[in-house]
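# Coordinates in review
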Amino acid sequence: MGQFKPSQLSASVTTLTGVGTGLEKRLNRLAIYTVQDLLFHLPYRYLDRTRLLPIGMLQHGKEALIQGTVELTQIKFGKRRSLLCRISDGTGAVVLRFFYFNNSQQANLAKGTTIRCWGQARRGVNTFEMIHPEYQRISEAQRDQLEQTLTPVYPATEGLAQGRFRKLTDQALRILAENPQQLVELLPQKILAEYALPDLCQALQAVHRPDADTEISLLQAGTHPAQRRLAFEEFLAHHLSLRTIRRKIQSFQAPRPDSALPQADDFIHRLPFQLTGAQQTVLHEIQADLIKQQPMLRLIQGDVGSGKTVLAAIIAFQIIKSGLQVALMAPTELLAEQHFSTITQWFSNFDIRVVLLTGRLNRAKRQTIVADIASSTPLMVVGTHALFQEQVKFSRLGIVIIDEQHRFGVHQRLSLLEKGVTRTTYPHQLIMTATPIPRTLAMTVFADLDISVIDELPPGRQAVKTAVLANDKRAEIIKKITQECRQGRQVYWVCTLIDESDAIQSQAATETYEYLSEMLPDLVIGLVHGRMKSPEKEQVMSAYKSGAIHLLVATTVIEVGVDVPAASLMVIENAERLGLAQLHQLRGRVGRGSQQSNCVLMYQPPLNELARQRLQIIRSTTDGFEIAKKDMQLRGPGEIMGTRQTGLPQMRIADLIRDAALIPHVRKAAELLLEDYSDRVAAIIKRWLTDRADFGNV
Ligand code: ADP
Ligand code: MG
């Protein structure tokens, strides 16, 4: 008699038959802890093993299930020893080819045996071949027994075979079928009916074990109603959680200034340029928020180079003059240092204290700064995530400004805000991003924020001209650099390595630096990478900014935010390895002044099709919005967007591109829930977001 185990969806996976500590660990690696987690871990692909294909109908490149009788099995010696097995079913014959095999396998495939196999057909010498197909011997009784449902293929991990995964999901589905009340339907009937969506239990059953007659192409594309239903609820959960956060924040008061919001005209008049119309519009939108009683929650969307920093400075000026403190957070030390130096300079006539707080300060310096922040002096703190550290306590934080939002998670953003919360007040928030996503998408994924758009670049900018060149043209490029620098231009040379550590990247940049120094002895060449100490980096950057350095060799530390308007040529090595968003950001480092700028994308041939298309897109346009649109089109369905590149939330099931059509409906459904079913809101959020620190309690 087996031990009694309660059937619980919320129970640990170890309550399932066959899950020991080893398997538990592997499941945990996939973020599967409970039985219910298994149900929300969806197949990413399906195989149709519900019907046999006559061997005569095999097609090159297509996967199929076939069944036949072994005619001949023999070992073929040649360049590579292999086991060949010829089977036929009367409509045709196919050869199975195994490079790895053993004697028992050969014996198993004796002439006259019936076998069923699944594999991809490839054109062979005279017949089609299948290389290393999955196969099994079929007894007389099994001849007509085929799978009843499409076969799911799960995102798995090493040491976790598909068969095992299917057995586990079988158990989980059985528990669900026996205890449907444990996974209650949270979407109102009205919504399900309006969009013709199946209920939750049906949807889960259908995605894990689709009926044999399910349209497989819909499933493969991720657009089957069952999949859409799950994606819909997930979107809704994210959206509702942001709306809940917003509501909560807006129940606080904005920080109380000493005086009404002072004008910034003095400051604006002393800037070396005039604000563009778009900058003025956005500025007014922000200022209108700041005189309200409630904390501001605003996102500024503006393409690379549209001039977001100066708006941050103007707002900081006003907040500080009203007696409060300002925190400006940047994703990299380099950018924090740059903001610090630009803003210090802009504020130099106005008796405003600006301090820099990054992870690399020495203890004594940090302590002084931390003490100042804790006193109620009005000041501006510019920093990296070091601003999150426990000991940093603002006494009168008026506003948190976050630059390049896409580099931070929602969680990081919120934890900085925590620093300014008192019992009754909550700091204003100004979030800045260059992520150019369509408005309806922005309103859904940034549902906690109001959105302002800077839709104009400062005057006199010329579009960067972009060329794509193979690596073997390096010598020509180097020659061009000399010419450019003779004309007083400045150049970036960016070394890129994807997914490599900081140390390896820095090493590669150092080598390129040495190589270029040798090739270009007449130029002053600088080097900046992530392993350098702050003062060193600052020194190099300020020398480059002042024009003392002609050519700056850099890793992608310069990718975001760096602003040296005189630089007019950028060379990017291995550009084929970078995504469109990253290329656009990097290229945005040039073309920031009024002179014509150029960008050279170097690549290592041969280019694959996707890389070729990407480089073609980046060459043909400099419009971030256009690039983002093309980027979305290039990504196949189901491909997950990297959060690092876009700042968009990472979802389990939903895909912001594939399921984009759902998005406007998600907002509508959210309204309905908040109005008429507010008791379900917390449960929906909990179902989808509990294990994510990101959306924890505010
Ligand atoms: P981003 O929006 O990418 O953060 P920045 O704030 O770094 O852009 O601004 C890009 C460059 O344009 C900076 O050198 C900045 O001083 C300059 N700039 C900003 N606004 C204007 C303007 N209205 N006219 C001319 N130059 C401007
Ligand atoms: Mg910027």
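All chains use their own residue numbering, which begins from 1 and follows the written sequence. All chains are assigned letters beginning at A, and all ligands numbers beginning at 1, according to the order in which they are written. Given that the model is predicted, a residue must reach a pLDDT of at least 70 before its local features are reported, and side-chain atom pairs must reach 80 or more before they are shown or counted; all residues, however, enter totals for whole chains, interfaces and linings. Processing note: side-chain calculations cover all non-hydrogen atoms of the structure and skip hydrogens and water entirely.

Attention shifts here to the overall build of the chain. By the criteria applied, helices consist of DSSP H or I runs no shorter than four residues and strands consist of E runs no shorter than two, each listed in order from the N terminus. Broken down by element type, the chain carries 24 helices and 21 strands. Viewed in the frame of its principal axes, the chain has a C-alpha envelope of about 95 × 65 × 45 Å. Here's how the labels work: a residue is buried when its accessible area is under 20% of the maximum for its type, exposed when over 50%, partly exposed in between, all with a 1.4 Å probe on protein chains only. Residues classed as buried in the chain amount to 53% of the 698 residues present. In this description, contact between two residues means that some pair of their heavy atoms is separated by no more than 4.5 Å. Put simply, 75% of the contacts in the chain that link residues at least 6 apart link residues at least 24 apart. Accessible surface for the chain amounts to roughly 32,000 Å². Of this, 49% is attributable to carbon and sulfur atoms. As used throughout, the charge tally considers Lys and Arg to be positive and Asp and Glu to be negative, leaving His and the chain termini uncounted. Working definition for charges: the position is that of NZ of Lys, CZ of Arg, CG of Asp or CD of Glu. Each charge class in the chain was averaged separately, 81 positive and 69 negative side chains, and the resulting centres sit 3 Å apart. Computed by Shrake-Rupley with a 1.4 Å probe, the accessible areas treat only the displayed protein chains as cover when residues are assessed.

The next thing to look at is the pattern of salt bridges. Salt-bridge detection follows one rule: a side-chain nitrogen of Lys or Arg within 4 Å of a carboxyl oxygen of Asp or Glu. For the coordinates displayed, the defined rule picks out 24 salt bridges. Between R229 and E233 there is a salt bridge; the shortest N-O distance is 2.2 Å. Separated by four residues within a single helix, R229 and E233 lie in helix α8 (residues 225-250), roughly one turn from each other. In terms of burial, R229 and E233 fall into one category: buried.

The next thing to look at is the domain arrangement of the chain. Where a domain begins and ends is set by an automatic assignment or by a domain database. Here the chain is described as being made up of domain 1 (13-45 + 162-211), domain 2 (51-146), domain 3 (265-454) and domain 4 (465-621). The distance between the C-alpha centroids of domain 3 and domain 4 comes to 29 Å. Taken together, the 17 residues of domain 3 in the interface contact 21 residues of domain 4. Interface area, domain 3 with domain 4, both sides summed: about 1,400 Å², of which 52% is carbon and sulfur. Each of two parts loses accessible area, computed with a 1.4 Å probe, when they are put together; buried area is these two losses added. Its largest share of buried area at the contact with domain 4, domain 3 owes to V304, L334 and R360, together 40% of the area lost on that side. Linking domain 3 with domain 4 are one salt bridge, by the criterion used here. With its nearest N and O atoms 3.4 Å apart, the salt bridge here joins E333 to K537. Each residue is assigned to one of three groups, with Ala, Val, Leu, Ile, Met, Phe, Trp, Tyr, Cys and Pro labelled nonpolar, Asp, Glu, Lys and Arg labelled charged, and all others, Gly among them, labelled polar. Here the side of domain 3 that touches domain 4 is built from residues that sort into five nonpolar, six polar and six charged.

Glancing now at the layout of surface pockets. Counted as a void, the largest pocket has a volume near 1,100 Å³. Of all the secondary structure elements, the ones that give two or more residues to the lining of the largest pocket are α11 (309-321), α12 (333-347) and α18 (534-546). Broken down by element, the residue count for the lining of the largest pocket peaks at ten residues, all from α12. Split by residue class, the lining of the largest pocket holds 15 nonpolar, 16 polar and ten charged. Formed jointly, the lining of the largest pocket draws a minimum of three residues from each of two domains, domain 3 (265-454) and domain 4 (465-621). The pocket and cavity definitions rest on a 1 Å grid over protein atoms only: a 1.4 Å probe that fits but cannot leave marks a cavity, an open set with protein on both sides within 12 Å along at least five of seven lines marks a pocket, and residues lining either have an atom within 4 Å of a point. Grid points are joined across faces, edges and corners, and a volume is the space filled by probe spheres set on the points.

On to the side chain of T433. With respect to the helices, strands and loops of the structure, T433 is situated in strand β14 (residues 428-433). Excluding its chain neighbours within four sequence positions, the residues that come into contact with T433 are L299, I300, Q301, G302, K308, Q405 and H406.

Those residues of helix α6 (residues 200-208) that fall on the buried side of the exposure criterion are L200, A203, L204, V207 and H208. One side of α6 carries all its buried residues, which in axial view fall inside an arc of 120°. In the core, the buried residues of α6 are packed alongside α2 (35-39), β1 (45-47), β8 (151-153), α4 (162-178), α8 and α24 (678-689). For α6, the capping residue at the N-terminal end is D199, with a side-chain oxygen 3.1 Å from the backbone nitrogen of C201. For this quantity, the arc is that covered by the directions from the helix axis to the C-beta atoms. Counting of polar contacts relies on pairs of N or O atoms within 3.5 Å, with two restrictions inside protein: one atom must be capable of donating a hydrogen and the other of accepting it, and residues adjacent in sequence are counted only when both atoms are side-chain atoms.

On to the site of ligand 1. Proximity criterion: a residue is near a molecule or strand once any of its heavy atoms comes within 4 Å of it. Lining the immediate environment of ligand 1, one finds 17 residues, of which Q274, G305, T309, R461 and D563 sit closest. Between ligand 1 and the protein, one listed contact pairs an oxygen atom with a backbone N or O atom of S306 at 3.4 Å. In this structure, an oxygen atom belonging to ligand 1 sits 2.6 Å away from a side-chain N or O atom of D563. More than half of the atoms of ligand 1 fall within 2 Å of the grid points belonging to the largest pocket. Looking at the shell around ligand 1 residue by residue, the class counts come to five nonpolar, seven polar and five charged. For the shell around ligand 1, the domains that each give at least three residues are domain 3 (265-454) and domain 4 (465-621). More than half of a molecule's atoms within 2 Å of the grid points is what it takes for that molecule to sit in a cavity or pocket.

Moving on, we get to the sheet that holds strand β20 (residues 567-572). Paired strands, as defined in this entry, are two strands with at least two bridges between them according to DSSP. With parallel pairing, six strands are arranged side by side in an open sheet as β16-β21-β20-β17-β19-β18. Bordering the open sheet on either side are β16 (465-470) and β18 (525-528), each of which pairs with just one other strand. The average undirected angle you get between the axes of adjacent strands in this sheet is 20°. Bridging between strand β17 (residues 490-494) and β20 involves five bridges; their strand directions are parallel. Counterpart to W493 in the pairing with β20 is V571. Under this scheme, a helix contributes an axis fitted over its contacting stretch, all axes are lines through C-alpha atoms, and angles between N-to-C directions fall in the 0 to 180 degree range.

Another aspect to go through is the pairing of strand β9 (residues 297-302). Of all six residues in β9, six are buried; the element is thus mostly enclosed. Residue alternation in β9 divides its side chains into two sets, L297, L299 and Q301 and R298, I300 and G302, and both sets are buried. In this structure, β9 lies alongside β14, joined through five bridges in parallel fashion. In the sheet register, R298 faces β14, and the bridge partner there is L430.

Right, let's talk about the sheet that holds strand β13 (residues 397-402) for a bit. Strand pairing in a sheet is mediated by backbone hydrogen bonds. Such pairs are either parallel or antiparallel. With parallel pairing, seven strands are arranged side by side in an open sheet as β11-β12-β10-β13-β14-β9-β15. Each having just a single partner strand, β11 (354-357) and β15 (450-454) make up the two edges of the open sheet. Averaged over all neighbouring strand pairs, the angle between strand axes comes to 20°, with direction disregarded. Each of β9, β14 and β15 touches helix α10 (residues 277-290); the most contacted strand, β15, lies at about 160° to it.

The buried fraction of β20 amounts to six of the six residues, a majority that puts the element mostly inside the structure. Note: β20 against strand β21 (residues 598-603), four bridges, orientation parallel. Residue pairing for β21: M570 is matched across the bridge by C599.

Here we come to the packing of aromatic side chains. Only rings of Phe, Tyr and Trp enter the pairing, Trp through its six-membered ring, and a pair is recorded when the two centres are within 6.5 Å. The plane angle decides the type: under 30 degrees is stacked, over 60 is edge-to-face, the rest tilted. Tallied over the full model, the rule gives eleven aromatic pairs. Residues Y195 and F232 carry aromatic rings whose centres are separated by 5.5 Å and whose planes lie at 45° to one another, so their mutual orientation is tilted. With a gap of 37 residues between them, Y195 in the loop between α5 (189-194) and α6 and F232 in helix α8 connect regions that are remote in the sequence. Plain terms: the ring middles of Y492 and Y544 are 5.2 Å apart, the flat faces sit at 65° to each other, and that makes the pair edge-to-face.

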